[in-house]
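Fold and geometry: a report
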Amino acid sequence: MPMASEFELLGRVTIGQYLPTGSLVHSLDPRAKLLVVLLLIIVVIVSNSLIGLSLLLLAVLAGLAVARIPLRFALAGLRPMLPFLILLALLQVFAIPQYSIGATVIWHRGILTITDRSLLAGILLIARFSIMALGLSLFSFSTTTTELTHGIEHLVRPLQTLRLPAHEFALVVNIAIRFLPILAEETERLMKAQASRGADFGRGRRNFVQRTRLLLPLLVPLFLVSLRRADQLIEAMEARCYLGGKGRTHLIRLQERLPDYVVVAGALGLATGAIYLSRVNADRLLWSWLSSHL
Amino acid sequence: MDGAEEPLIRIEGLHYTYQAGTHRAVPALCGIDLTIHAGEYVALLGANGSGKSTLLRHLNALLLPTAGNVWIAGWNTRDATHLRNVRTTVGMVFQVPDSQIVATVVEEDVAFGPENLGIPEDELRQRVDWALSTVRLSELQHRASHLLSAGQKQRLAIAGALAMHPRCLLLDEATAMLDPVGRRQLLETVGHLHQDGMTVVAATHNMAEAALTQRIIVLSEGQLALQGEPRAIFSQIETLRALHLDVPHPTLLARELSARVDGFPADLLTIGELADAVATYLGEPAGAAI
Amino acid sequence: MSRTTRKIVIAGVMGAISIFLGASHLGFIPWLAGAALTIMHVPVIIGAVLEGPWVGLAIGFIFGAFSLLQGAIAPTGPADVWFTNPLVSILPRLLIGPVAWLVYKALKRANEIVALAVAGVAGSLTNTILVLGALGLFRFLPWALIGTIAVTNGLPEAVVAAIITVAVVAAWKRIETGRKGSTV
Ligand SMILES: Nc1ncnc2c1ncn2[C@@H]1O[C@H](COP(=O)(O)OP(=O)(O)O)[C@@H](O)[C@H]1O
Ligand SMILES: [Mg+2]
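All chains use their own residue numbering, which begins from 1 and follows the written sequence. Just so you know, chain letters begin at A and ligand numbers begin at 1, following the order they were written in. Only residues with pLDDT of at least 70 are given local features in this predicted model, and only at 80 or more are side-chain atom pairs given and counted; all residues enter the totals for whole chains, interfaces and linings. Values reported for side chains reflect all heavy atoms of the structure, with hydrogen atoms and water molecules removed beforehand.

**Description of the side chain of Arg-229 of chain A**
On the secondary structure map, Arg-229 of chain A appears in helix α10 (residues 208-239). Side-chain polar atoms of Arg-229 of chain A contact the side chain of Glu-186 of chain A, separated by 3.0 Å. Secondary structure is summarised from DSSP: a helix means a run of H or I of at least four residues, a strand means a run of E of at least two, and numbering begins at the N terminus for each. Counted as a polar contact is a pair of N or O atoms within 3.5 Å, where, for protein atoms, one must be capable of donating a hydrogen and the other of accepting one, and residues adjacent in sequence contribute only when both atoms are in side chains.

What follows is the structure, given as structure tokens:
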């Protein structure tokens, strides 16, 4: 029954997908993993070096191996994206005019032109997405949401001394994650109430107007219920003496160990390397070296 | 005040009006005078909208009086410098189990209150462990809080209040959304706490629950309507009906029986008492024969 | 009642709704050519209108960070490829709330309902324009295509966002200022 499947889906609403294998990666301090993810994202944006990004991809694959995550799990998200990915890469290669200005033409037929720059842009697009997909999958396979919130809270804590609302931000994230199961439950309740009044939430494709008509009587009450529950939570927090982050102590204390330092240092080295390779245009150097020696 | 015998809760001339926008004012409490002493177990009864929640919210300074005063252990709730003292003295458990849990892990939720108080780490751990064992949730300390049953969530809420070492617990219809098993376990926990000296004030619609207390306070349209021991209150069936309140089923049954059976007591409160009375009634002739 | 506590909780709850709409796919409305409209940014607008620009910023960050994460680990369409870049998925989303709040604050005096509707449209268009603008700047898409998407997706999203914002905030404020159900 399509309705039932949609209800079940709500029960499984989670951020990411934890896969306990008890590996070294799983036991790393969540702060260390968050830092590595942050470095990964920065490098993927900043570095234009195919060599640098390839090194990164190898490191992520090595991480998956150490974490004992089967590759087919990690690739599960990537596989359905292949057609889009190829399409978008082709778009980069052929349709963005900026890439042909001042570039070397490698191939030309009719209106289609491939320049060295546009080809590189297409390949980089695929490389970047693969790194992000595999890297963040590795993170979410090896980190529970509880570890995630602990990690965020401890990581931003030093920012408090800079007068940034770090504690407040960590609490916001914590409450967001806390509320997900409540929302799933409330939505299920609302959907059942609407279904009993004849609404059909089957998964079949419907057009815009139909879908919107179906969603509004669900979404508006969902917002209102959530706001009411927010009021209740505010009262409960104040009754328990919440008066801001000042002077709070903490039950949970994260303990960093040697492997955490090693991993962060390694990631820092790799990140610096990948960005440096991009700065010195290593790809072009390698290309010209290869073309003159072969 | 003479200081020597300061009651735990003292309310004088309490008025409260919800300021609903600029145009509509909703008077919710109209002149309440009330004292509650340390160690009492009090039930707060009244129809929906009679002002129970509003009154309880005044007892830990979630609301401040429009007129009149509330003192908790001698501190006026209007005095902002004693806000922490007031809120640690009086812990609150609300009606909706899910909306009062802040953390995603059981033990971290218990720690939320004392963390706010700045309790040092080792004492924090002791308080959490003690509070969880008091409500018998120790085995679930690492469980995700949303996976608990409704009854367990309410016991978690009690643990969260207990971890602040309060002298008094306020329960605002805390059993309303529980199944019978969850309700029974919660009431057992509260009963034990009261035996150990905790003051308890419980708003409820459940008359069996009210029958367990030492004093019943009945609110009606923001005013004190009745006050007294459960046995005295529940004997006034007609008055209670006029206030849209029920009487415990055993009391009703005892009434009917005493009207028909000579010497059967009319003022029974609980099923236990009723069973005893029936046993005595049936047993006596047999006993007399021996 | 402390304003800060309220801001924190509303930011968290609205952030949760945004994540929930994405994770459950309830927040996607099928549209032309297999593309989908999204309403994941509506909680950002509502949070900003109710509690101000910083709350809007925080919810926008949560919305953006989640769409980055989802784009990487559970992608479903072409847009997810770009959303793995935080300059596309996070940075533009930070401004949805502040823009919606500014518009609402400017127009509130004249007419509250109109202010809400325009704030919904403005917040939604901020999302559309900045995200698509980032795609153009980073040369992910040709500008001609971006213009088309801005019209075909951006406009209906703005309409839906305005409808939901008005319906929710008007109802909530009446509830808050009128008679509020004491017992749920
Ligand atoms: N937040 C509020 N705003 C306006 N009126 C309220 C609010 N909360 C309660 N009231 C009103 O105050 C009165 C007392 O309510 P309450 O204390 O919740 O009663 P009870 O808990 O006994 O059901 C009712 O008339 C109710 O409508
Ligand atoms: Mg009530």
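**Here's the deal with the interface of chain C and chain A**
Here a residue-residue contact requires only that any non-hydrogen atoms of the pair lie within 4.5 Å. At the junction of the two partners, chain C supplies 67 residues and chain A supplies 66 residues. At the boundary of chain C with chain A, total buried surface from both sides reaches about 5,800 Å², with 81% on carbon and sulfur atoms. Basic side-chain nitrogens of Lys or Arg form a salt bridge, by our definition, when they fall within 4 Å of a carboxyl oxygen of Asp or Glu. Between chain C and chain A we count one salt bridge in total. The salt bridge involving Arg-6 of chain C is made with Asp-231 of chain A; its shortest N-O contact spans 2.6 Å. Where chain C touches chain A, the interface holds four residue pairs in polar contact (both at pLDDT 80 or more). If one sorts the elements of the side of chain C that touches chain A by residue count, helix α1 (residues 3-23) of chain C sits on top with 17 residues. For this classification, Asp, Glu, Lys and Arg are treated as charged, while Ala, Val, Leu, Ile, Met, Phe, Trp, Tyr, Cys and Pro are nonpolar and the rest, including Gly, are polar. Of the residues assigned to the side of chain C that touches chain A, the class counts are 50 nonpolar, 13 polar and four charged. Buried surface area refers to the total accessible area, computed with a probe of radius 1.4 Å, that the two partners give up upon joining, counted for both partners together.

**Notes on the packing of aromatic side chains**
Here the aromatic set is Phe, Tyr and Trp, taking the six-membered ring for Trp, and pairing holds for ring centres within 6.5 Å; pairs whose planes are under 30 degrees apart are stacked, those over 60 apart are edge-to-face, and all others are tilted. Evaluation of the coordinates by the stated rule reveals six aromatic pairs over all chains. When the ring of Tyr-16 of chain B is compared with that of Tyr-18 of chain B, the centres are 5.0 Å apart and the planes differ by 85°; the resulting orientation is edge-to-face. Here the term buried applies to any residue with accessible area under 20% of the maximum for its type, exposed to any over 50%, and partly exposed to those in between, with areas from a 1.4 Å probe on protein chains only. Taking the relative accessible area as the measure of exposure, Tyr-18 of chain B reaches 32% and is therefore partly exposed. Judged by centre distance (6.3 Å) and plane angle (55°), the ring pair of Phe-138 of chain C and Phe-140 of chain C falls under tilted. Of the residues examined, Phe-138 of chain C reaches a relative accessible area of 34% and is grouped as partly exposed.

**Focus on the environment of Pro-114 of chain B**
As for its position among the elements, Pro-114 of chain B is in helix α3 (residues 106-117). The class of Pro-114 of chain B is buried, set by a relative accessible area of 0%. For the pair formed by Pro-114 of chain B and Ala-161 of chain B, sequence separation is 47 residues and the distance between their alpha carbons is 9.1 Å. Excluding residues that lie within four positions of it along the chain, Pro-114 of chain B makes contacts with Thr-249 of chain A together with Ile-119, Leu-124, Arg-127, Ala-163 and Met-164 of chain B.

**As for the domain arrangement of chain A**
Note that domain bounds follow an automatic or database assignment of domains. In terms of domain boundaries, chain A breaks down into domain 1 (18-143 + 256-294) and domain 2 (165-255). Centre-to-centre separation of domain 1 of chain A and domain 2 of chain A, based on C-alpha positions: 35 Å.

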